[in-house]
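Survey of secondary and tertiary structure
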Amino acid sequence: MSGLEDLYREIILDHYRSPRNRGELEAPPAHRTEGFNPLCGDEVVVYVMVDGEGRIADIKINGQGCSISQSSASMMSAAVKGHTIDEARALTATFKSMMSIHEQDIGGDGTEAEADPADDVTAEMKLGDLEALRGVVKFPVRIKCATLSWNTLTQALDEVATARS
Amino acid sequence: MTTTPPSPPLATLDVAAIRRDFPVLSQRQDGHRLVFLDSAASSQHPRQVLDAMTSFYETSYANVHRGVYQLAERATAAYEGARGKVARFIGAPSSNEVVFTKNATEAINLVAGSWGRANLGPGDAVVLTLMEHHANIVPWQMLAAQLGFEIRWVPLTDDGHLDLTDLDRLLDGAKLFAFTAMSNVLGTLNPVARLTAAAHEKGALALVDACQWVPHLPTDVVAMGADFVAFSAHKMLGPSGIGVLWARAELLEAMPPFLGGGGMILNVTTEGFVADAPPGRFEAGTPPIAEAVGLAAAVDYLTGLGMDAVHRHEVELTGYALRTLRAEVGDALTIYGPSEPSERGGVLSIALEGVHAHDISQVLDTQAVCIRPGHHCAKPLMRVLGAPATARASIYVYNDTDDIDALAAALVAARDFFKL
């Protein structure tokens, strides 16, 4: 089936069938945040355990969703685990920038995307497997599936930061 | 030798001829025939509806109930003629009982915001069911948060019917029972007359969400025993942007206005206003005029087909779909809702083991099969089903066995693509 292979790369299906960091963490001490995609009903629950040095010591993902949302969450958890909050935010920015390529194309406002403020950090945070999700931008209605867990992680990290300030 | 012809079968639909009336269905997508199986969300339009609206815009458009010139008179006649046609189509005793709204959602909000606000308060109860669309849940929740009444829920049986065991107890002290005539997820056809009678026995009024009923079955609001009936034109071959609230005349007479503005008043002074009589009282502002003309053409089209024949066609095709999908797709397939075709409308909510509804829909789109993934605006029901999302195929007058065969083949392709 032409086109489908662009979307459903083998590594995506692998993460969908065998999700990494699937489960729950006791909260507290971990932080628990729920994310919803109101269009399709997908739900993701992100548990993060941030240590005293601002490092994501552990992360677990729960919830239900399609192959794109579930594999994106799985890859995200593997990519940010053990990294600092700043690095996770930088990776999130990079990933969302990749996902919004299409939105900019059809946005028609003529503005260039702003330079990534965290360029120096992204150099150390490569997308790696997450590059496999690049094909999603050809299927605009699925972009929200791919970004659901990232938005939920951002919210979780914001909440952790607020709780500590 | 002569042969005795068999007795003529009951009139059914000439689907091939019907399909020729729908321009959208003649297109091809990636070389495939377009298989449109999402009519429960919104249906397609026959040329007769499109032509009626175009002709109205080209020859007779003006605002209604205002001008004295001939164009305005023709527009008003067309708009009010549509009201009469809708009234006859649903068995309404009077066209003054037909209120045009934006859609069924607005019709239910109208009942909540007008009748509900005037009649509900602390200690009262509104009874809903667990198979309601959000359109018949959220307006009541919004109002309950303001007025402090209770919302009670009729549960479901395992096979997707309403569980009426405790209905009388649930209706005790209730002022309104608001329920769907047919589930937009399960396809379940509810015993409308029995439910309205149960409500009336307890002194409650009955609101019927008939969005999935009016397009598919003969409708008689009096036989239904309903007090309020809501439905949308865009699910019955008509345009988006217009819906209908039918209510018994004496209820409408007693109800305060919902939206305020032009068209709904008898007089306005600096001190206040005097509201017009129904249905104008509930149609503030310029209404969907050409949309009413389109709705009237859709009513004519469906009347021409015969609603009995429409229903018979859908029962037959639903039965064919249930048999075909089970045989072709196999054990990985779950079809929610009643298994007996006569107990359901043409809505098939499907789950494929291990494949999310979004992914099913994506694969089906490559074969030009249009279905709907998601929660279908019925999240409380999805929670009961234990499914965050289903893939929903829904049929209408222009669907045939070829469409079902294409759906089955595409589901097999989805199953195989994800290597189950």
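So, here's what we can say about the structure. (Residues numbered from 1 in each chain as written. Chains lettered and ligands numbered in written order. Predicted model: local features only at pLDDT ≥ 70, side-chain atom pairs only at ≥ 80, totals over all residues. Heavy atoms only, no water.)

**Considering the nonpolar core**
To be explicit about the condition: By nonpolar core is meant a set of buried Ala, Val, Leu, Ile, Met, Phe, Trp, Tyr and Cys residues that side-chain atoms within 4.5 Å join together. Only protein chains enter the accessibility calculation, which uses a 1.4 Å probe; a residue whose area is less than 20% of its type maximum is buried, one above 50% is exposed, and one in between is partly exposed. Elements are defined by DSSP. Helices are runs of H or I of four residues or more, strands are runs of E of two residues or more, and each kind is numbered from the N terminus. Start and end positions for the domains come from either an automated domain assignment or a database one. Note on contacts: a residue pair is in contact if any heavy atoms of the two residues lie within 4.5 Å.
F100, F177, V229, M236, L237, L295 and Y398 of chain B are the most contacted members of the largest nonpolar core, which totals 88 residues. With eleven residues, helix 10 (residues 289–305) of chain B is the largest single contributor of residues to this core. In this structure, this core is formed jointly by two domains, domain 1 (15–40 + 306–417) and domain 2 (50–304) of chain B, each of which donates at least three residues. Sequence-distant contacts of M236 of chain B, defined by excluding residues within four places in its chain, comprise S43, F89, V214, P215, F231, L295, A298, V299, L302 and Y396 of chain B. Listed in part, the 73 residues of the second largest apolar core include I68, L127 and L148 of chain A together with L325 of chain B.

**Description of the pairing of strand 7 (residues 174–180) of chain B**
Residue and element names in this part refer to chain B. Here is the rule we go by: We treat two strands as partners when DSSP finds at least two bridges between them. A crossover gets the label right-handed when its path from the first strand over the helix to the second runs clockwise, viewed with the strands pointing away from the viewer.
Here strand 7 lies mainly inside the structure; six of its seven residues are buried. Sheet topology places strand 5 (residues 125–129) next to strand 7; three bridges connect them, and they run parallel. Bridge pairing in strand 7 places V126 opposite L176. In this sheet, strand 8 (residues 205–209) lies alongside strand 7 in parallel orientation, the contact comprising five bridges. Opposite L176, over in strand 8, you have L205 as the bridge partner. Tracing the backbone out of strand 7, into helix 7 (residues 192–201) and back to the parallel element strand 8 gives a crossover that is right-handed.

**Things to note about the packing of helix 3 (residues 67–80) of chain A against helix 7 (residues 143–164) of chain A**
Residue and element names in this part refer to chain A. Which entries qualify depends on this criterion: For every element, the axis is a line fit to its C-alpha atoms; helices are fit only across the contacting stretch, and the angle between N-to-C directions ranges from 0 to 180 degrees. Angle categories are assigned with fixed cut-offs, so that under 35 degrees is roughly parallel, over 145 is roughly antiparallel, 65 to 115 is roughly perpendicular, and the rest are oblique. We call a crossing left-handed when the near helix sits turned anticlockwise from the far one by less than a right angle, and right-handed when that turn is clockwise. Classification used: nonpolar for Ala, Val, Leu, Ile, Met, Phe, Trp, Tyr, Cys and Pro, charged for Asp, Glu, Lys and Arg, polar for all others including Gly.
Look at helix 3 against helix 7: their axes get within 7 Å of each other, and the N-to-C directions meet at 40°. Taken together, the axes of helix 3 and helix 7 lie oblique to each other. At the point where helix 3 passes helix 7, the crossing takes the right-handed sense. The segment helix 3 lies against helix 7, with I68, S69, S72, A73, M76 and V80 engaging C145, A146, S149, W150 and L153. Considered class by class, the residues forming the contact of helix 3 with helix 7 number eight nonpolar, three polar and no charged.

**Considering the interface of chain A and chain B**
Keep this limit in mind: Using a 1.4 Å probe, buried area is obtained as the accessible area two parts lose upon being combined, added over both of them. What makes a salt bridge here is a side-chain nitrogen of Lys or Arg within 4 Å of a carboxyl oxygen of Asp or Glu, nothing more.
In this assembly, 25 residues from chain A lie in contact with 19 residues from chain B. Across the chain A to chain B interface the summed buried area is about 1,700 Å²; carbon plus sulfur atoms make up 56%. Linking chain A with chain B are one salt bridge, by the criterion used here. In this structure, R142 of chain A and D359 of chain B form a salt bridge, with 2.8 Å as the shortest nitrogen-oxygen distance.

**A look at the pattern of salt bridges**
All names here are of chain A. Within this structure, the stated rule accounts for 22 salt bridges over all chains. Residues R17 and E10 are paired through a salt bridge, measuring 3.7 Å at the closest nitrogen-oxygen approach. Between D158 and R89 there is a salt bridge, and its shortest N-O distance comes to 2.9 Å. You can see D158 sitting in helix 7 and its partner R89 sitting in helix 4 (residues 85–99), a full 69 residues away along the chain. Given a relative accessible area of 36%, D158 falls into the partly exposed group. A relative accessible area of 31% means that R89 is categorised as partly exposed.

**Brief notes about the sheet that holds strand 17 (residues 390–394) of chain B**
All names here are of chain B. With antiparallel pairing, four strands are arranged side by side in an open sheet as 13-14-17-16. Each edge of the sheet is formed by a strand with only one pairing partner; in this case those strands are strand 13 (333–335) and strand 16 (372–374). For this sheet the average axis-to-axis angle between neighbouring strands, irrespective of direction, equals 30°. Here four bridges tie strand 14 (residues 347–352) to strand 17, and the two strands are oriented antiparallel to one another. Each bridged residue has a counterpart across the sheet, and for S349 the counterpart in strand 17 is R392. This element, helix 14 (residues 401–417), spans strand 13, strand 14 and strand 17 of the sheet and lies at about 20° to strand 14.

Geometric values such as these leave the question of function open.
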